[in-house]
Amino acid sequence: MAALPRPGVSVPGPAAGLRCDFRNLPMKQRLRCSRPHSPAGTSVRKGTGGEDTVSELVAAEDVLLFVNAAVTATGQREFRSSAAEQRFSLAFLHEYVRVNYRPVYAAALALDINDHNAALVIEHLLRTPGDAEPGEGRLIAARLALLPPQRVYRLFGALRSAGVNNRRTRAIVRGWLAARPDPALDAVKYRTGLKTALRHVHGRPSDPETGDFLFAPGRRVRYENATLDAHRRAHYEQGALYELPFTVAEGFAAKHGIPREVFLERIAPRMTRLERLRTDRAADLSVMPLTRLALYVLALPFAERAERRTELTGALRAAARRAAGPYAGSWGRVAAVLDDSFSSSGSAVKRRRPLAVALGCHFLLEALASPGSYTPLWTSGRDDPLLVHPYGPTPLGLRILDALETGPERLVIVSDGWDNAPPGLAGEVLRVWRTRLDAERRTSVVHLNPVYDAEGFDVRRLAPSVPVAGIRDAEDLAALVEIAQFAEGRTGFAELRAYLDRRVEGFLQAYPKGAEG
C-alpha cells in the first residue's frame, strides 16, 4: 500500500463527494473531518417522529462512498487516472473510514468488496489492535479463508515489513496456515511467502519433511511426499516437472529448454481453469463466471465471435441464469442503458474491463427480467451485444430518454458516468424525470459504475436523485441494486447498520466460532 502523502502537499482539483476538501489538511485533521465538518456539525439533532438526523445521513453517505470504492478500485491505472492517483485516493479512504467508522469498516469484509481492498482492510485492522472491536478476529479469519493464497501470503509479507506482530496477528496467521489443505503444495508453490509467514509468527510446519524442504533443503536425499520429491527431481529430470503445479513447472521447463507448445500440451492436466484461460488453452465455458466469460468473449476477434455465435451466446446466457438464481424472471419490465463508448476500453492493466461488466450485466438483466420484457440500449446504438467494442462518445442522456419511453419498471444504467454527448444531459433528464414526471417513483432507476474516480473519492454520479453503486463483477448486480437504495438519501445510518449486520451474520454462518485463533 502506498504511503499517505505528507501534510501540506497540495493536490489540484475539487474533492467532490466528501464533506470537505480533506486533501490539503494536516493528517490528524483529515482523519477526524467527518463530524466537525459535516452539515450537521458535531451535535446530534433528533427530528420529530424519530427520523434520521442530518449527521446520520452524512455517516451513511460516507460509508457508502467507501463501499463503492472498495468494490471498484484496485489501485491500478484506469482510463482517466493513474495508478498513483488510485493508490493515494484509496489510502486516504481506508484511513478515514477506519478512524471514524471502525465497526462498519470491519463489516465491509462481509460485503462483495474486491480482494485488493479486503486485504487492505485486514492489514489496517491488524495494524491497529488497540482500537479493535469485538468479533473483528472472526471476520478477518473468515475473509482470509476466501482470499487467493498468493494474496494472503503477500499480505503477511506486508505485515512483517511493517513490524506488525501483535498477539492477535500471530494467532490469525497461525490459524490460517493450520487450515491450509496441503502444506507441501504451499511449500512448493508459495515457498518464499510461507517461509516469511512462519518466521514472522515463530511457527513451524506440522510436517517435518515440509520444514526441512523450507529451511534445510540439503538435509534429505529424497522425500516421502510426492510433491516435495517431484520438486527435488525436477532439477535434473524433465519428466518430474509435469507432477508439479503449472506455475512451478513453468520455471523448470524454461530451465530445461522445453519448447512452449510441448510443455503446455503435457502440463494441461495439471492446469487450473484460469491457467488454461490465460494460456489460450481450450477453456470450459460451461463453468466460467459471467464477467470472466465476458472478458474471454471480448478478447476474441470479431470473425471468431460471429463464427461461434451460438456457442458463446449460449454460454453467456447459461452463466447469467446461474448468477440470477431464484430471481430469474422476477424483475418485470427492465430497460438497460449500457456504455460501450471509447472509455469502456479501460486501461493497459484492466483491458476492456468496463465493457465486460456492461456485457455481463446485459445478459444478467435479460435473465432477471420477465420473459420478453427486457430492452437493452447501448450508447453506440449497436444492437448486437456479441460484437460490441469500445468506440465513440457517451450519449447517456439520449439513451436514457429512449429507455424511459419504453415504460420500464426498472431502469439500470451501467456506465462510468462521463456523460459527454452533450455533457450533463443525463443528469438533467433524470432530474426532470424524478421531480416532475415520476415523483411517485413508479420506475426504479439505479446507476452501476464499474470505474472508480480517484479525484472524486467515489464512483462518478449522474444525478443526486439517482442512487449509484460501484460494480466490479456483473454477478454482483442484484446485491448492489439492493445496497444502492441506501444511496438515495432516504434511509440513514441505522438502516445501513442493520443491513450490514444481516450481511455479517450470513457471512459468518459457515465459519466456526473460535476459528480465528
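Look up: the structure comes first, before these words.
Cut-offs applied
Residues numbered from 1 in each chain as written. Predicted model: local features only at pLDDT ≥ 70, side-chain atom pairs only at ≥ 80, totals over all residues. Heavy atoms only, no water. Helix = DSSP H or I, 4+ residues; strand = E, 2+ residues; numbered from the N terminus. Core = buried A, V, L, I, M, F, W, Y, C linked by side-chain atoms within 4.5 Å. Buried < 20%, exposed > 50% of the residue type's maximum accessible area, 1.4 Å probe, protein only. Contact = heavy atoms within 4.5 Å. Salt bridge = Lys/Arg side-chain N within 4 Å of Asp/Glu carboxyl O.

Turning to unusual backbone geometry, a few remarks are in order. Of note, the amide linkage connecting Ala421 to Pro422 takes the cis form, showing an omega dihedral of -5 degrees. Relative to the assigned elements, Pro422 resides in the loop between β3 (410-414) and α22 (425-437). Positive phi, normally seen in glycine, also occurs at His202, with a value near 55 degrees. Tracing the backbone through its elements, the reader meets His202 in the loop between α11 (191-200) and α12 (208-215). Residues other than glycine seldom take positive phi values, yet Arg352 does so here, at roughly 60 degrees. Position of Arg352 among the secondary structure elements: in the loop between β1 (334-338) and α20 (353-368).

This part covers the nonpolar core. Counting 136 residues, the largest nonpolar core has Leu144, Phe156, Phe263 and Leu477 as the members making the most contacts within it. A per-element tally of this core places α20 first, with 11 residues. Excluding anything up to four places from it in sequence, Phe156 contacts Leu144, Val173, Trp176 and Ala197. Formed by 17 residues, the second largest nonpolar core is a distinct cluster that contains Leu396, Ala403, Ile413 and Leu430.

Right, let's talk about the pattern of salt bridges for a bit. Within the structure shown, the criterion is met by 29 salt bridges. Among the ionic pairs, Arg168 bridges to Glu136, the shortest N-O distance being 2.9 Å. Placement of the pair is Arg168 in helix α9 (residues 167-178) and Glu136 in helix α7 (residues 136-144), with a sequence separation of 32 residues.

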